[in-house]
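Commentary on secondary and tertiary structure
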Amino acid sequence: MISPRRPSGVSPTSNSMSAAQQILGSANMSESPAQSPTSGERNDRLWDMSSFRHSLPEEGGTSSTSNTAAGAPAAGTSSEEADDGTPKPMRGGVSLDTVRSLYGPNTGFGGLRRSNSSVIYPGGPPEFPPVKKLNPLQKKRILVSGGAGFVGSHLVDRLMLMGHDVIAIDNYFTGSKMNLAHWFGHPNFEMIRHDVVDPIMLEVDQIYHLACPASPVHYQSNPVKTLKTGFFGTYNMLGLAKRVKARFLLTSTSEVYGDPEEHPQKETYWGHVNCIGPRACYDEGKRVAEALTYSYARQDGVDVRVARIFNTFGPRMNWHDGRVVSNFIVQALKGDDITIYGDGSATRSFQYVHDLVDGLIALMESDYTDPVNLGNPEEYTIKQFADMIVELVNEHRARYGDDGKTSTVTYLPAVADDPQRRKPDTTRAKEVLGWAPQWAAVDGLKETVAYFYQMMHQH
Ligand SMILES: O=C(O)[C@H]1O[C@H](OP(=O)(O)OP(=O)(O)OC[C@H]2O[C@@H](n3ccc(=O)[nH]c3=O)[C@H](O)[C@@H]2O)[C@H](O)[C@@H](O)[C@@H]1O
């Protein structure tokens, strides 16, 4: 059984980018040794929801702009259970099953469309997930920059299910239209191809500003663009917020703490960032984004919120994302070596994406304007994490009689300026938002492994 353990000492590591580049080459979905079952039972077999104990209670107050798909989950309550019996409340009274149906294959809307991706509306008119009906005073028009990305698309899903009007903008550098395909055509939803480094004018009530590549592999591939996104992207979104008097939420990052000398990291910590290193484009980009945000608040009275997001994972992470969770899961599924950069003693604390979405919405709805850490304080060394993922992948495969090769760990040179310890102090989030993570990392990982397993066999 895997349990989180605090590491002993950590040591600074040497400089190499080659490890990150290497993983991009190896994590190639098209090379997957797909033992593709071809029968109709394929998707049931691959996306086994039976390990999650959940009910599908009926819920009143959902609007029916849709025909409900056969077998599609009903909107449910705000409290569901996972296999360990832990309640998993979801903000906005949205059912976990409904949310799952948006990224699972053929269990609902997302899968239905995804599995027939050559045809937008395979079986007739569009069928939409069950969206709540809000009265005009409650219903907000909300802009999500980076809305087609991993976190952005989960946030859009939740806001849509809650009944709001949502405009997603994205330049598709790391995001994908397929993450939101289940909303195309819905009257509450708009999708715009737009890069935030250019200004845009929209009438909105709230702005969630997420747009920025977050994986080190991606943000270091074009560092000048990353800095432009950090500064001009935030500048444009803040200018818009000022002009239309929208509330503005910046998704900042744990990276503003750099390679921290304080542990765990509180919001009051000023950080330890190398301003000339390879991560500076992201770290300093986010730091200047925070500085801009509070400057607009002071100078122009813009109503701002700042979330500092710690490592987050979940379904819809890109197969080629390059961050540790997707890399290790893909490697374990393929039976490839698990690539640990450095000696495996660096630590991270991983939160499941649904917890993050809860926290972002709670923060936006709160009156609190100082930065708030959003993360799960469960801390693992990267080696522990690798072992945990290999074990979970093997368990998942064993359930289907799939006896693929078990991966072994290989150690590659450490990447430059890699933070050696990271763990959020979430006291402030508890106090000001009443927010705390609901998902143990292992529960979120089970779902994420199931998602990647299915993706691997679908293509
Ligand atoms: O996951 C996130 O949300 C965070 O990801 C990155 O931060 P980082 O913690 O460096 O993310 P990873 O690339 O996932 O690395 C985590 C640790 O795993 C290691 N790693 C990563 C990938 C891999 O294949 N092997 C491996 O050992 C890294 O060297 C690092 O020590 C981003 O810079 C953050 O903005 C973002 O919040």
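About the cut-offs
Residues numbered from 1 in each chain as written. Predicted model: local features only at pLDDT ≥ 70, side-chain atom pairs only at ≥ 80, totals over all residues. Heavy atoms only, no water. Phe/Tyr/Trp six-rings, centres within 6.5 Å; stacked < 30°, edge-to-face > 60°. Helix = DSSP H or I, 4+ residues; strand = E, 2+ residues; numbered from the N terminus. Buried < 20%, exposed > 50% of the residue type's maximum accessible area, 1.4 Å probe, protein only. Axes fitted to C-alpha atoms, helices over the stretch in contact; angles between N-to-C directions. Parallel < 35°, antiparallel > 145°, perpendicular 65-115°, else oblique. Left-handed = near helix turned anticlockwise from the far one by under 90°. Contact = heavy atoms within 4.5 Å. Nonpolar A, V, L, I, M, F, W, Y, C, P; charged D, E, K, R; others polar. Near = heavy atom within 4 Å. Polar contact = N/O pair within 3.5 Å; in protein donor to acceptor, adjacent residues only side chain to side chain. Areas by Shrake-Rupley, 256 points an atom, 1.4 Å probe, with all protein chains shown as cover. pLDDT = per-residue confidence, 0-100. Pairing = 2+ DSSP bridges. Expected span 1.5 Å × (residues − 1).

**Here we look at the packing of aromatic side chains**
As enumerated under the stated definition, the model contains 14 aromatic pairs in all. With 4.7 Å between their ring centres and 55° between their planes, tyrosine 352 and tryptophan 439 make a pair best called tilted. With a gap of 87 residues between them, tyrosine 352 in strand S12 (residues 351-352) and tryptophan 439 in the loop between helix H12 (427-433) and helix H13 (441-458) connect regions that are remote in the sequence. Here tyrosine 352 matches tryptophan 439 in class, with each residue buried. Grouping aromatic residues by their ring pairs yields a cluster made of Tyr103, Trp319, Tyr451 and Phe452.

**Topic: the packing of helix H9 (residues 324-334) against H13**
In contact at an axis separation of 10 Å, H9 and H13 are set at 55° when each is read in the N-to-C sense. When the interaxial angle is binned, H9 and H13 end up oblique. Judged by the twist between their axes, the crossing of H9 over H13 is right-handed. Of the residues in H13, those touching H9 at Val325, Ser326, Ile329, Val330, Leu333 and Lys334 are Leu445, Thr448, Val449, Phe452, Tyr453 and Met456. Split by residue class, the contact of H9 with H13 holds 9 nonpolar, 2 polar and 1 charged.

**Quick look at the site of the ligand**
In the vicinity of the ligand lie 23 residues, with Glu255, Arg279, Thr339, Arg348 and Asp418 positioned nearest. Within the side chain of threonine 253, an N or O atom sits 3.2 Å from an oxygen atom of the ligand. Considered on its own, the ligand offers 690 Å² of accessible surface; in the complex 96% of this is hidden by protein. Contributions of two or more residues to the shell around the ligand are made by helix H6 (216-221), H9 and strand S10 (338-341).

**Considering the side chain of histidine 154**
Structurally, histidine 154 is set in helix H5 (residues 150-161). Here the side chain of histidine 154 touches proline 315 through a polar contact of 2.8 Å, landing on its backbone oxygen.

**Concerning the confidence of the model for the protein chain**
Here the protein chain averages 82 in pLDDT, while 76% of its residues score no lower than 70. Within the model, the stretch residues 1-80 combines pLDDT values under 50 with 185 contacts to residues more than four positions away or in other chains. Low pLDDT, under 50, characterises residues 110-119; the stretch is placed with 28 contacts to residues that sit more than four places away or in other chains.

**As for the sheet that holds strand S4 (residues 165-170)**
Within the open sheet, the 7 strands sit side by side as S5-S4-S3-S6-S7-S8-S13. Their pairing is parallel. Of all strands in the sheet, those bounded by a partner on one side alone are strand S5 (189-193) and strand S13 (372-374). Sheet twist, expressed as the average angle between the axes of neighbouring strands with direction ignored, equals 20°. Relative to S5, S4 runs parallel, the two sharing 5 bridges. Bridge pairing in S5 links isoleucine 167 to glutamate 190.

**A few points about the environment of glycine 146**
Its location among the elements puts glycine 146 in the loop between strand S3 (141-145) and H5. Here glycine 146 falls in the buried class, since its relative accessible area comes to 14%. Put simply, glycine 146 and tyrosine 172 are 26 residues apart on the chain and 8.2 Å apart in space, counted from C-alpha to C-alpha. Residues within four places of glycine 146 in sequence aside, it is in contact with Gly152, Ile169, Asp170 and Ala211.

**Structural notes on the side chain of serine 326**
Relative to the helices and strands, serine 326 resides in helix H9. Taking relative accessible area as the criterion, serine 326 reaches 0% and is therefore assigned buried. A polar contact is formed between the side chain of serine 326 and the backbone oxygen of arginine 323, at a distance of 3.3 Å. Discounting chain neighbours no more than four positions away, the residues touching serine 326 are Met317, Asn318, Asp321 and Phe452.

**A few points about H5**
With 12 residues, H5 should cover 16 Å at 1.5 Å per step; its first-to-last C-alpha distance of 17 Å lies within 8% of that length. Buried residues dominate H5, accounting for 12 of its 12 residues. Taken as a whole, H5 has its buried residues at Phe150, Val151, Gly152, Ser153, His154, Leu155, Val156, Asp157, Arg158, Leu159, Met160 and Leu161. Taken from the residues just after H5, glycine 163 is the one with a positive phi, measuring 105°.

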